[in-house]
Amino acid sequence: MTKYPGAQEWVPHDGGMRKVRAALGDCRGCDLWEDAEQAVPGEGPVRARMMLVGETPGDHEDKEGHVFVGPAGHLLDKALVEAGIDRSTVYLTNAVKHFRFERQGKRRIHKTPAASQITACHPWLRRELEIVKPSLVVVMGSVAAKALLGSTFRVTQERGRRLELPGGGLAVATVHPSAVVRSEEFRRDFGRFVDDLRVAVGLLD
Ligand code: URA
Ligand code: SF4
(Lines give C-alpha, C1' and ligand atoms only; values in the text may rest on other atoms or scores of the structure.)
(Ligands and ions follow the chains in the order given, each with its own letter.)
Protein backbone atom coordinates (compact mmCIF):
# COMPACT_ATOMS: atom_id res chain seq x y z
CA MET A 1 0.00 0.00 0.00
CA THR A 2 1.39 3.38 -0.99
CA LYS A 3 2.09 5.51 2.02
CA TYR A 4 0.88 9.06 1.50
CA PRO A 5 1.67 11.98 3.78
CA GLY A 6 -2.06 12.48 4.41
CA ALA A 7 -4.04 15.71 4.49
CA GLN A 8 -3.39 16.59 8.12
CA GLU A 9 -0.81 19.30 7.52
CA TRP A 10 -3.08 21.14 5.04
CA VAL A 11 -6.22 21.11 7.18
CA PRO A 12 -6.71 24.34 9.16
CA HIS A 13 -7.32 23.57 12.81
CA ASP A 14 -8.89 26.86 13.66
CA GLY A 15 -11.47 28.98 11.90
CA GLY A 16 -14.58 27.76 10.17
CA MET A 17 -15.69 26.19 6.96
CA ARG A 18 -14.66 29.16 4.84
CA LYS A 19 -11.06 28.58 5.87
CA VAL A 20 -11.37 24.85 5.22
CA ARG A 21 -12.71 25.46 1.72
CA ALA A 22 -9.96 27.96 0.97
CA ALA A 23 -7.23 25.53 2.07
CA LEU A 24 -8.56 22.43 0.34
CA GLY A 25 -7.20 23.24 -3.11
CA ASP A 26 -3.62 23.30 -1.84
CA CYS A 27 -3.78 19.81 -0.39
CA ARG A 28 -1.04 17.40 -1.46
CA GLY A 29 -1.93 14.71 1.05
CA CYS A 30 -2.03 12.02 -1.63
CA ASP A 31 -1.45 11.89 -5.39
CA LEU A 32 -5.02 12.49 -6.57
CA TRP A 33 -4.61 16.25 -6.97
CA GLU A 34 -2.14 15.72 -9.82
CA ASP A 35 -4.59 14.65 -12.53
CA ALA A 36 -7.83 16.12 -11.25
CA GLU A 37 -9.07 19.56 -12.29
CA GLN A 38 -9.77 20.69 -8.75
CA ALA A 39 -10.62 19.61 -5.24
CA VAL A 40 -14.37 19.60 -4.63
CA PRO A 41 -15.40 20.87 -1.19
CA GLY A 42 -18.52 19.88 0.73
CA GLU A 43 -21.58 22.12 0.45
CA GLY A 44 -24.49 23.07 2.61
CA PRO A 45 -25.29 24.91 5.82
CA VAL A 46 -22.65 24.51 8.52
CA ARG A 47 -25.49 24.13 10.98
CA ALA A 48 -27.06 21.24 9.07
CA ARG A 49 -28.46 18.47 11.26
CA MET A 50 -27.86 15.90 8.55
CA MET A 51 -24.62 15.27 6.68
CA LEU A 52 -24.51 12.99 3.64
CA VAL A 53 -21.16 11.52 2.69
CA GLY A 54 -20.47 10.10 -0.77
CA GLU A 55 -17.34 8.71 -2.35
CA THR A 56 -15.40 11.12 -4.55
CA PRO A 57 -16.26 13.77 -7.08
CA GLY A 58 -17.07 12.29 -10.51
CA ASP A 59 -16.32 13.66 -13.96
CA HIS A 60 -18.97 16.41 -13.75
CA GLU A 61 -18.09 17.42 -10.20
CA ASP A 62 -14.39 17.61 -11.08
CA LYS A 63 -15.11 19.97 -13.96
CA GLU A 64 -17.70 22.10 -12.18
CA GLY A 65 -16.23 22.15 -8.69
CA HIS A 66 -19.49 21.24 -6.96
CA VAL A 67 -20.59 18.04 -5.24
CA PHE A 68 -23.25 15.77 -6.72
CA VAL A 69 -24.04 17.67 -9.90
CA GLY A 70 -23.77 14.69 -12.29
CA PRO A 71 -26.04 11.64 -12.81
CA ALA A 72 -25.56 10.36 -9.25
CA GLY A 73 -26.44 13.83 -8.01
CA HIS A 74 -29.64 13.95 -10.04
CA LEU A 75 -30.68 10.63 -8.64
CA LEU A 76 -29.82 11.77 -5.13
CA ASP A 77 -31.92 14.91 -5.67
CA LYS A 78 -34.94 12.81 -6.64
CA ALA A 79 -34.47 10.45 -3.72
CA LEU A 80 -34.15 13.33 -1.25
CA VAL A 81 -37.42 14.79 -2.52
CA GLU A 82 -39.14 11.39 -2.16
CA ALA A 83 -37.83 11.07 1.38
CA GLY A 84 -39.02 14.58 2.25
CA ILE A 85 -35.54 16.03 2.66
CA ASP A 86 -34.77 19.51 1.34
CA ARG A 87 -31.30 19.38 -0.25
CA SER A 88 -30.63 22.95 0.78
CA THR A 89 -30.86 21.96 4.46
CA VAL A 90 -28.30 19.14 4.42
CA TYR A 91 -24.52 19.22 4.25
CA LEU A 92 -23.25 17.13 1.33
CA THR A 93 -19.67 15.99 1.00
CA ASN A 94 -17.38 13.19 -0.11
CA ALA A 95 -14.96 10.89 1.68
CA VAL A 96 -12.25 11.80 -0.85
CA LYS A 97 -12.07 15.30 -2.32
CA HIS A 98 -10.31 14.73 -5.65
CA PHE A 99 -11.60 12.73 -8.63
CA ARG A 100 -9.79 9.46 -9.34
CA PHE A 101 -10.04 8.20 -12.90
CA GLU A 102 -8.44 6.32 -15.75
CA ARG A 103 -8.33 7.65 -19.29
CA GLN A 104 -9.96 5.58 -21.98
CA GLY A 105 -9.55 7.56 -25.16
CA LYS A 106 -11.23 10.88 -24.47
CA ARG A 107 -13.28 9.53 -21.60
CA ARG A 108 -12.31 9.68 -17.98
CA ILE A 109 -13.54 6.55 -16.23
CA HIS A 110 -14.14 6.76 -12.50
CA LYS A 111 -11.89 4.59 -10.37
CA THR A 112 -12.63 3.73 -6.77
CA PRO A 113 -10.12 5.41 -4.46
CA ALA A 114 -7.65 3.11 -2.74
CA ALA A 115 -7.79 2.52 1.00
CA SER A 116 -4.56 4.54 1.34
CA GLN A 117 -6.19 7.52 -0.41
CA ILE A 118 -9.32 7.28 1.74
CA THR A 119 -7.11 7.35 4.81
CA ALA A 120 -4.99 10.21 3.45
CA CYS A 121 -8.06 12.35 2.80
CA HIS A 122 -9.81 11.59 6.07
CA PRO A 123 -8.60 14.68 8.00
CA TRP A 124 -10.79 16.87 5.74
CA LEU A 125 -13.89 14.84 6.51
CA ARG A 126 -13.02 14.80 10.20
CA ARG A 127 -12.72 18.58 10.21
CA GLU A 128 -16.08 18.94 8.43
CA LEU A 129 -17.65 16.71 11.08
CA GLU A 130 -16.08 18.83 13.83
CA ILE A 131 -17.43 22.04 12.36
CA VAL A 132 -20.92 20.91 11.31
CA LYS A 133 -21.47 18.50 14.23
CA PRO A 134 -24.38 16.82 12.45
CA SER A 135 -26.93 14.92 14.52
CA LEU A 136 -26.87 12.21 11.89
CA VAL A 137 -24.62 11.13 9.03
CA VAL A 138 -25.89 9.24 5.98
CA VAL A 139 -23.01 7.09 4.81
CA MET A 140 -23.46 6.40 1.10
CA GLY A 141 -21.54 3.47 -0.34
CA SER A 142 -18.54 1.42 0.66
CA VAL A 143 -15.90 4.13 0.35
CA ALA A 144 -17.72 6.42 2.78
CA ALA A 145 -18.33 3.37 4.98
CA LYS A 146 -14.62 2.56 4.99
CA ALA A 147 -13.86 6.13 5.99
CA LEU A 148 -16.46 6.36 8.76
CA LEU A 149 -17.41 2.86 9.89
CA GLY A 150 -14.24 0.83 9.37
CA SER A 151 -12.97 -1.61 6.79
CA THR A 152 -15.06 -4.57 7.93
CA PHE A 153 -18.39 -2.77 7.62
CA ARG A 154 -20.68 -4.26 4.96
CA VAL A 155 -23.17 -1.79 3.55
CA THR A 156 -25.39 -4.44 1.95
CA GLN A 157 -25.84 -6.20 5.28
CA GLU A 158 -26.14 -3.24 7.58
CA ARG A 159 -27.89 -0.61 5.51
CA GLY A 160 -31.02 1.17 6.63
CA ARG A 161 -30.60 0.92 10.38
CA ARG A 162 -29.51 3.07 13.26
CA LEU A 163 -25.74 2.97 13.75
CA GLU A 164 -23.35 4.79 16.00
CA LEU A 165 -20.21 6.30 14.54
CA PRO A 166 -17.01 5.21 16.30
CA GLY A 167 -16.31 8.87 17.10
CA GLY A 168 -19.85 9.43 18.41
CA GLY A 169 -23.07 10.47 16.71
CA LEU A 170 -25.74 8.64 14.79
CA ALA A 171 -25.46 7.28 11.28
CA VAL A 172 -27.40 5.34 8.67
CA ALA A 173 -25.55 3.51 5.91
CA THR A 174 -26.91 3.02 2.43
CA VAL A 175 -25.66 2.31 -1.07
CA HIS A 176 -24.07 4.94 -3.25
CA PRO A 177 -26.57 6.71 -5.57
CA SER A 178 -24.46 5.79 -8.61
CA ALA A 179 -25.09 2.11 -7.81
CA VAL A 180 -28.81 2.88 -8.07
CA VAL A 181 -28.24 4.74 -11.36
CA ARG A 182 -26.59 1.61 -12.79
CA SER A 183 -29.03 -0.88 -11.27
CA GLU A 184 -30.83 -3.36 -13.50
CA GLU A 185 -33.65 -3.37 -10.98
CA PHE A 186 -33.96 0.34 -10.82
CA ARG A 187 -37.40 0.72 -9.25
CA ARG A 188 -36.65 -1.72 -6.47
CA ASP A 189 -33.23 -0.25 -5.73
CA PHE A 190 -34.40 3.34 -5.92
CA GLY A 191 -37.18 2.44 -3.47
CA ARG A 192 -34.69 0.88 -1.05
CA PHE A 193 -32.44 3.90 -1.26
CA VAL A 194 -35.37 6.19 -0.43
CA ASP A 195 -36.37 3.85 2.42
CA ASP A 196 -32.89 4.19 3.92
CA LEU A 197 -33.11 7.98 3.69
CA ARG A 198 -36.49 7.82 5.42
CA VAL A 199 -34.92 5.85 8.26
CA ALA A 200 -32.41 8.68 8.60
CA VAL A 201 -35.20 11.28 8.70
CA GLY A 202 -37.01 9.24 11.34
CA LEU A 203 -33.93 9.21 13.56
CA LEU A 204 -33.70 12.98 13.45
CA ASP A 205 -37.21 13.54 14.80
N1 URA B 1 -20.44 10.68 -6.49
C2 URA B 1 -20.04 11.06 -5.27
O3 URA B 1 -19.79 10.26 -4.40
N4 URA B 1 -19.89 12.35 -5.04
C5 URA B 1 -20.14 13.28 -5.94
O6 URA B 1 -19.97 14.44 -5.63
C7 URA B 1 -20.59 12.85 -7.20
C8 URA B 1 -20.72 11.55 -7.46
FE1 SF4 C 1 -5.63 15.92 -0.46
FE2 SF4 C 1 -7.77 14.36 -0.42
FE3 SF4 C 1 -7.02 15.53 -2.67
FE4 SF4 C 1 -5.61 13.52 -1.69
S5 SF4 C 1 -7.73 13.43 -2.42
S6 SF4 C 1 -4.78 15.46 -2.48
S7 SF4 C 1 -5.75 13.90 0.52
S8 SF4 C 1 -7.74 16.57 -0.83
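Rules used in this analysis
- Residues numbered from 1 in each chain as written.
- Chains lettered and ligands numbered in written order.
- Predicted model: local features only at pLDDT ≥ 70, side-chain atom pairs only at ≥ 80, totals over all residues.
- Heavy atoms only, no water.
- Near = heavy atom within 4 Å.
- Polar contact = N/O pair within 3.5 Å; in protein donor to acceptor, adjacent residues only side chain to side chain.
- Areas by Shrake-Rupley, 256 points an atom, 1.4 Å probe, with all protein chains shown as cover.
- 1 Å grid on protein atoms, 1.4 Å probe; cavity = no way out; pocket = protein on both sides within 12 Å on 5 of 7 lines; lining within 4 Å.
- Sits in = over half its atoms within 2 Å of the grid points.
- Nonpolar A, V, L, I, M, F, W, Y, C, P; charged D, E, K, R; others polar.
- Phe/Tyr/Trp six-rings, centres within 6.5 Å; stacked < 30°, edge-to-face > 60°.
- Helix = DSSP H or I, 4+ residues; strand = E, 2+ residues; numbered from the N terminus.
- Buried < 20%, exposed > 50% of the residue type's maximum accessible area, 1.4 Å probe, protein only.
- Lys NZ or Arg CZ within 6 Å of the ring centre and 35° of its normal.
- Contact = heavy atoms within 4.5 Å.

### Observations concerning the site of ligand 1
Within the structure, ligand 1 sits among Gly 54, Glu 55, Thr 56, Glu 61, Val 67, Phe 68, Asn 94 and His 176. Glu 55 is positioned such that a nitrogen or oxygen atom in its backbone is 2.7 Å from an oxygen atom of ligand 1. Within the backbone of Thr 56, a nitrogen or oxygen atom sits 3.1 Å from a nitrogen atom of ligand 1. Relative to its unbound accessible surface of 240 Å², ligand 1 loses 94% to contact with the protein. In this structure, ligand 1 is accommodated by the largest pocket. Here the shell around ligand 1 is built from residues that sort into two nonpolar, four polar and two charged.

### Quick notes on the packing of aromatic side chains
Under the criterion given, the structure shown has two aromatic pairs. Aromatic side chains Phe 186 and Phe 190 sit 5.7 Å apart centroid to centroid with 15° between the ring planes, which places their arrangement in the stacked category. Of this pair, Phe 186 and Phe 190 are both found in helix α8 (residues 186–204), four residues apart, which corresponds to roughly one turn of the helix. Note on Phe 186: relative accessible area 37%, which makes it partly exposed. In this structure, Arg 108 packs its charged tip against the face of Phe 101, placed 4.8 Å from the ring centre.

### Observations concerning the side chain of Lys 97
Note that Lys 97 resides in the loop between β2 (91–94) and β3 (101–104). A distance of 3.0 Å separates a polar atom in the side chain of Lys 97 from a polar atom in the side chain of Thr 93. Side-chain polar atoms of Lys 97 contact the side chain of Glu 128, separated by 2.6 Å. Look past the residues within four positions of Lys 97 in its chain and what remains in contact with it is Leu 24, Gln 38, Ala 39, Val 40, Pro 57, Cys 121, Trp 124, Leu 125 and Glu 128.

### Examining the environment of Ala 145
With respect to the helices, strands and loops of the structure, Ala 145 is situated in helix α5 (residues 142–149). On the accessibility criterion, Ala 145 (1% relative accessible area) is buried. Here Ala 145 is in contact with Val 139, Gly 150, Phe 153 and Val 155, once residues within four sequence places are set aside.

### Concerning the site of ligand 2
Taken together, Leu 24, Cys 27, Gly 29, Cys 30, Leu 32, Trp 33, Val 96, Lys 97, His 98, Ala 120, Cys 121 and Trp 124 make up the full set of residues near ligand 2. Counting atoms within 2 Å of the grid points, the majority share of ligand 2 lands in the largest cavity. No other element matches helix α4 (residues 115–132), which puts three residues into the shell around ligand 2. The residue makeup of the shell around ligand 2, split by class, is nine nonpolar, two polar and one charged.

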